[in-house]
2 protein chains.
Amino acid sequence: MIVALAGGVGGAKMAQGLQQALPSGDLTVVVNTADDFALYGLHISPDLDTVMYTLAGIADPVNGWGVAGDTRQTLDAIARYGRDPWFLLGDQDFATHILRTERLREGAPLSAVTAELASALGIPSRIVPMTDDQVATKIETPAGRLDFQDYFVGRRQSDDVLGVAFAGIDTARAHPVALAAIAEAEAVVIAPSNPIVSIGPILGTPGVREALAAAAAPVVAVSPIVGGKALKGPAAKMLETLGHEVSALGVARLYEGLVDGLVIDEIDRNLAPEIAACGQRVLVTGTVMGDGEDRRRLADEVLDFAATLTPERAGAR
Amino acid sequence: MIVALAGGVGGAKMAQGLQQALPSGDLTVVVNTADDFALYGLHISPDLDTVMYTLAGIADPVNGWGVAGDTRQTLDAIARYGRDPWFLLGDQDFATHILRTERLREGAPLSAVTAELASALGIPSRIVPMTDDQVATKIETPAGRLDFQDYFVGRRQSDDVLGVAFAGIDTARAHPVALAAIAEAEAVVIAPSNPIVSIGPILGTPGVREALAAAAAPVVAVSPIVGGKALKGPAAKMLETLGHEVSALGVARLYEGLVDGLVIDEIDRNLAPEIAACGQRVLVTGTVMGDGEDRRRLADEVLDFAATLTPERAGAR
């Protein structure tokens, strides 16, 4: 059994590669939910949906999020009622949010709802929210404290990020299925998602760091920073304004003591010695995932790399 | 000021004709809400929506309900999740249900939500739900007691109707705007909607019959039964199994003591003397509404007819 920790698009691609590389049912993806928010009274879980659509093979291939070929009639009609359609939601996508919201209001936990939706789409992997409790990312900027989606979508990540907080995280409980999966895993893969706002909340959920430290399995991260840039999203700029080095080495330092190995791109080969000095074994390969074949190839390499590692990180058994 | 009491498609057509015939803002439509129900956690108000879409000029011209040209991506995706798409909802239609549900959950009364939606669509008339309280039509059939939409849509009106009940109606309060409009109206028009399950709940809401009896204005009904048949829906079969005569005369008897005049179709001219014997003045004209011109012409005739009437019904001032 393999566990992946994932945010949105990058994490979903990595998870899809792992799903393709593994026997059916052998993958558990623990997903960030700190980006979740309410819109038009519906509960939106952007990262869960991106992972779910990707693992179901119905994700939009261009955006990486949303459903391939989705239309926008519902959102256009919402706009006709005078509401701001600032967050793009497709018609098929609305079905997800409607049914999720219905089940949550009936009292079902987010994890159960996620399992129901994923099962209906025929997904052979387990998708587990990091917690069933509510955690909300807040972004400190020169313009004040912003809700994550306001910063991320509404203001197009144009604000400098001076700080990040996860409201509610101190009292959130990591999902027991996630903790059990980490404990039993043969390898844990931290996907190339934003280390601050995608992987950060998962690691910050009480119980997760302890579970990773105690796991018998090697923990491997794939750097989302390639050639000093983020493949997608605001990770690079965010690392910079938060005082981190914007490179695979910066990622290594963020994950220091937490991972046994780091997978970096060919373009960052020169950083390997310094990363090794952080106590991490290094795999240098092509990490930029395009189509499905890329994802599968990277997943195979990451799994092979993990299999060579003996856990030596702090606290590892 | 003119008040119309309306159910779904037939009532909406009548209301549209009246809206065209009257100065902007002079029409108040009091709408049945006993068909309202919850689906996928959303609050659906079929008659309010049909009236709203029709008065906004965006109703589907073939079905009479739903939005013209609407697509069905959301419902298809809901079906992909394994849920039964038994009640047809278009993508633009979903926007209405999503926003209505959001506002109701925020604590807004249905009437306020309805006014907001109608205003955003530029509707110059007032659309008022008969009550902000919950009333639910139940249909007694040989197969047992059915929720209205289960009988009406789910089972396609195939069950014999042995009885009709409106759960919650005894404690419902008629909307004060509806009562005030009736009190101040120059005429009240009971639209050619199903007298049992569309007009019945409006009349059954405590306060409405008293308001109609006390109104200074003439009350005129338009028969929904033409040539012994309902123009749309199960009214004819329902009248029959409930022991009423299936004709404009049967309608006259149902509305006896409540209306001053009844508008019947040319084809029912021979019933005029017997209807007159019920104490109702009769206007014979073409009552089948097709396109917009039909609606406007009938509305003009109904208003002219009402203007000739002196209230003589039971309890009239």
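Since we're looking at a predicted model, the values are computed, not measured. Throughout this document, residue positions are counted from 1 along each chain, in the order its sequence is written. For naming, the first written chain is A and the first written ligand is 1, with later ones following in the order written. Only residues with pLDDT of 70 or above have their local features reported here, since the model is predicted, and side-chain atom pairs are shown and tallied only from 80 upward, although totals for entire chains, interfaces and linings are computed over all residues.

A. Up close: the overall build of chain A. Looking only at helices and strands, chain A features 13 helices and 14 strands. Relative to the 2.2 N^0.38 estimate, which gives 20 Å for 317 residues, the radius of gyration of chain A is 19 Å and therefore close to what a compact globule would have. Summarising its shape, the C-alpha atoms of chain A cover approximately 60 × 45 × 40 Å along the three principal directions. With C-beta atoms placed from the backbone, a contact is any residue pair whose C-beta atoms sit within 7 Å. Within chain A, residue pairs in contact and separated by at least 24 positions form 66% of the contacts whose partners lie at least 6 positions apart. Numbered from the N terminus, helices here are DSSP runs of H or I no shorter than four residues, and strands are runs of E no shorter than two. Every radius of gyration here is taken over C-alpha atoms, with the globule rule written as 2.2 Å times N^0.38, N being the number of residues.

B. The arrangement of the packing of helix 4 (residues 91-105) of chain A against helix 3 (residues 73-80) of chain B in detail. Running from N to C, helix 4 of chain A and helix 3 of chain B point in directions that differ by 55 degrees, and their axes come no closer than 7 Å. Between helix 4 of chain A and helix 3 of chain B, the interaxial angle falls into the category oblique. Considering how the two elements wind past one another, helix 4 of chain A and helix 3 of chain B form a crossing that is right-handed. Counting all contacts with helix 4 of chain A, which are made through Asp 91, Gln 92, Phe 94, Ala 95 and Leu 99 of chain A, the residues of helix 3 of chain B involved are Gln 73, Thr 74, Ala 77 and Ile 78 of chain B. Along the lines of polarity and charge, the residues of the contact of helix 4 of chain A with helix 3 of chain B split into five nonpolar, three polar and one charged. To obtain each axis, a line is fitted to C-alpha atoms, and for helices this fit is confined to the stretch in contact; angles are then taken between N-to-C directions over 0 to 180 degrees. In these notes the angle categories are as follows: under 35 degrees is roughly parallel, over 145 is roughly antiparallel, 65 to 115 is roughly perpendicular, and the rest is oblique. Crossing handedness follows the turn of the near helix against the far one: under a right angle anticlockwise gives a left-handed crossing, and clockwise gives a right-handed one. Under the scheme applied here, ten amino acids are nonpolar (Ala, Val, Leu, Ile, Met, Phe, Trp, Tyr, Cys and Pro), four are charged (Asp, Glu, Lys and Arg), and all others, including Gly, are polar.

C. Representation of the interface of chain B and chain A in the model. Contacts between the two partners involve 24 residues from chain B and, on the opposite side, 24 residues from chain A. Counting residues per element, the ones that place at least two in the side of chain B that touches chain A are helix 3, helix 4 (91-105) and helix 5 (110-120) of chain B. Looking at the side of chain B that touches chain A element by element, the count peaks at nine residues for helix 4 of chain B. The class makeup of the residues in the side of chain B that touches chain A is 11 nonpolar, seven polar and six charged.

D. Representation of the pairing of strand 5 (residues 126-129) of chain B within the structure. Residue and element names in this part refer to chain B. We call a residue exposed when 12 or fewer other C-beta atoms sit within 10 Å of its C-beta, buried when the count reaches 20 or more, and partly exposed for counts in between; the C-beta positions come from the backbone. Burial along strand 5 is two-sided: Arg 126 and Val 128 facing one way and Ile 127 and Pro 129 facing the other are all buried. Here strand 2 (residues 27-31) pairs with strand 5 via four bridges, running parallel. Bridging from a neighbouring strand, Thr 28 pairs with Arg 126 of strand 5. In short, DSSP must find at least two bridges between two strands for them to pair.

E. Just the confidence of the model for chain A, in detail. The predictor rates its confidence in each residue with pLDDT, a number between 0 and 100. Averaged over every residue, the pLDDT of chain A is 96; residues scoring 70 or more account for 99%. Two numbers describe this predicted complex: its pTM, 0.95, and its ipTM, 0.93.

F. Quick look at the pairing of strand 14 (residues 281-285) of chain A. Residue and element names in this part refer to chain A. Across five bridges, strand 13 (residues 261-265) lies against strand 14 in parallel orientation. Bridged to Ile 264 within strand 14 is Val 284. Convention used here: a crossover is right-handed provided that the path from the first strand, over the helix, to the second strand proceeds clockwise when the strands point away from the viewer. With respect to chirality, the unit in which strand 13 leads through helix 12 (residues 272-277) into the neighbouring parallel strand 14 is right-handed.

G. Main features of the environment of Arg 173 of chain A. Residue and element names in this part refer to chain A. Position of Arg 173 relative to the elements: it lies in the loop between strand 8 (163-167) and helix 7 (176-184). Residues Arg 173 and Pro 311 lie 138 residues apart in sequence; the distance between their C-alpha atoms is 26 Å. When near neighbours in sequence (up to four residues on either side) are disregarded, Arg 173 contacts Thr 131, Asp 133, Pro 206 and Gly 207.

H. Looking closely at the domain arrangement of chain A. Residue and element names in this part refer to chain A. Source of the domain bounds: an automatic or database domain assignment. By the assigned domains, chain A splits into domain 1 (136-169) and domain 2 (170-307). Opposite the 10 residues of domain 1 that make contact, domain 2 presents 13 residues. Its residues assigned to classes, the side of domain 1 that touches domain 2 comprises six nonpolar, three polar and one charged.

I. The arrangement of the sheet that holds strand 6 (residues 136-141) of chain A in detail. Residues and elements named next belong to chain A. One open sheet holds the three strands; their spatial order is 7-6-8, and the pairing between them is antiparallel. A strand with exactly one partner marks an edge of an open sheet, and here the two such strands are strand 7 (144-147) and strand 8. Between one strand and the next, the sheet's axes are offset by a mean angle of 30 degrees, whatever the strand orientation.

J. Layout of helix 13 (residues 292-307) of chain A. Residue and element names in this part refer to chain A. By this rule the span expected of a helix is its residue count minus one, scaled by 1.5 Å. Along its 16 residues, helix 13 runs 23 Å from first to last C-alpha, staying within 8% of the 22 Å computed at 1.5 Å per residue. Among the residues of helix 13, Arg 295, Leu 298, Ala 299, Val 302, Phe 305 and Ala 306 are the ones counted as buried. End-on, the buried residues of helix 13 take up no more than an arc of 130 degrees, which puts them together on one face. Exposed side chains of helix 13 directed beyond 90 degrees from the buried face belong to Glu 293, Asp 304 and Ala 307. Where helix 13 is buried, its residues touch helix 1 (9-21), strand 9 (187-190), strand 10 (219-222), strand 13 and strand 14. Each C-beta atom gives one direction from the helix axis, and the arc is the one those directions make.

K. Representation of the relation of the copies chain B and chain A within the structure. Mapping chain B onto chain A leaves a residual RMSD of 0.0 Å; the transformation is a rotation of 180 degrees accompanied by 0.0 Å of translation along its axis. Taken together, the turn and the small shift mark the pair as related by a two-fold rotation axis. Taking C-alpha positions as reference, the residue of chain B nearest the rotation axis is Asp 91 of chain B, located at 3.3 Å. An overlap of 100% is found between the interface residues of chain B and their copies at the interface of chain A, pointing to a shared contact surface. The superposition of copies rests on a least-squares fit of C-alpha positions from residues with pLDDT of 70 or more in both.

L. Focus on the packing of helix 1 (residues 9-21) of chain B against helix 2 (residues 46-56) of chain B. Residue and element names in this part refer to chain B. In the contact formed by helix 1 and helix 2, the axes pass within 9 Å of each other and the chain directions differ by 35 degrees. Read as a crossing pair, helix 1 and helix 2 show a hand that is right-handed. Contact residues: helix 1 offers Val 9, Gly 11, Ala 12, Lys 13, Ala 15, Gln 16 and Gln 19, while helix 2 offers Thr 50, Val 51, Thr 54 and Leu 55. The residue inventory of the contact of helix 1 with helix 2, partitioned by class, reads five nonpolar, five polar and one charged.

M. Main features of the sheet that holds strand 9 of chain A. All names here are of chain A. With respect to topology, seven strands assemble into an open sheet ordered 5-2-1-9-10-13-14, the strand pairing being parallel. Where the open sheet ends on each side, the last strands, each with one partner, are strand 5 (126-129) and strand 14. Sheet twist, expressed as the average angle between the axes of neighbouring strands with direction ignored, equals 20 degrees.

N. Up close: helix 7 of chain A. All names here are of chain A. Turning to helix 7, its buried residues number three or more, namely Ala 178, Leu 179, Ala 181 and Ile 182. Axial view of helix 7: buried residues confined to an arc of 160 degrees, hence all on one face. Tucked into the core, helix 7 has its buried residues touching strand 1 (2-6), strand 2 (27-31), strand 5, strand 9 and helix 9 (208-214).

O. Unusual backbone geometry, seen in detail. Residues and elements named next belong to chain A. Its identity is not glycine, yet Tyr 40 carries a phi of approximately 55 degrees, on the positive side. Along the chain, Tyr 40 turns up in the loop between strand 3 (37-39) and strand 4 (42-44). The phi dihedral of Arg 156 is positive, around 50 degrees, even though this residue is not glycine. Relative to the elements of secondary structure, Arg 156 occurs in the loop between helix 6 (148-154) and strand 8. Taking the number of C-beta atoms within 10 Å as the measure of exposure, Arg 156 has 9 and is therefore exposed.

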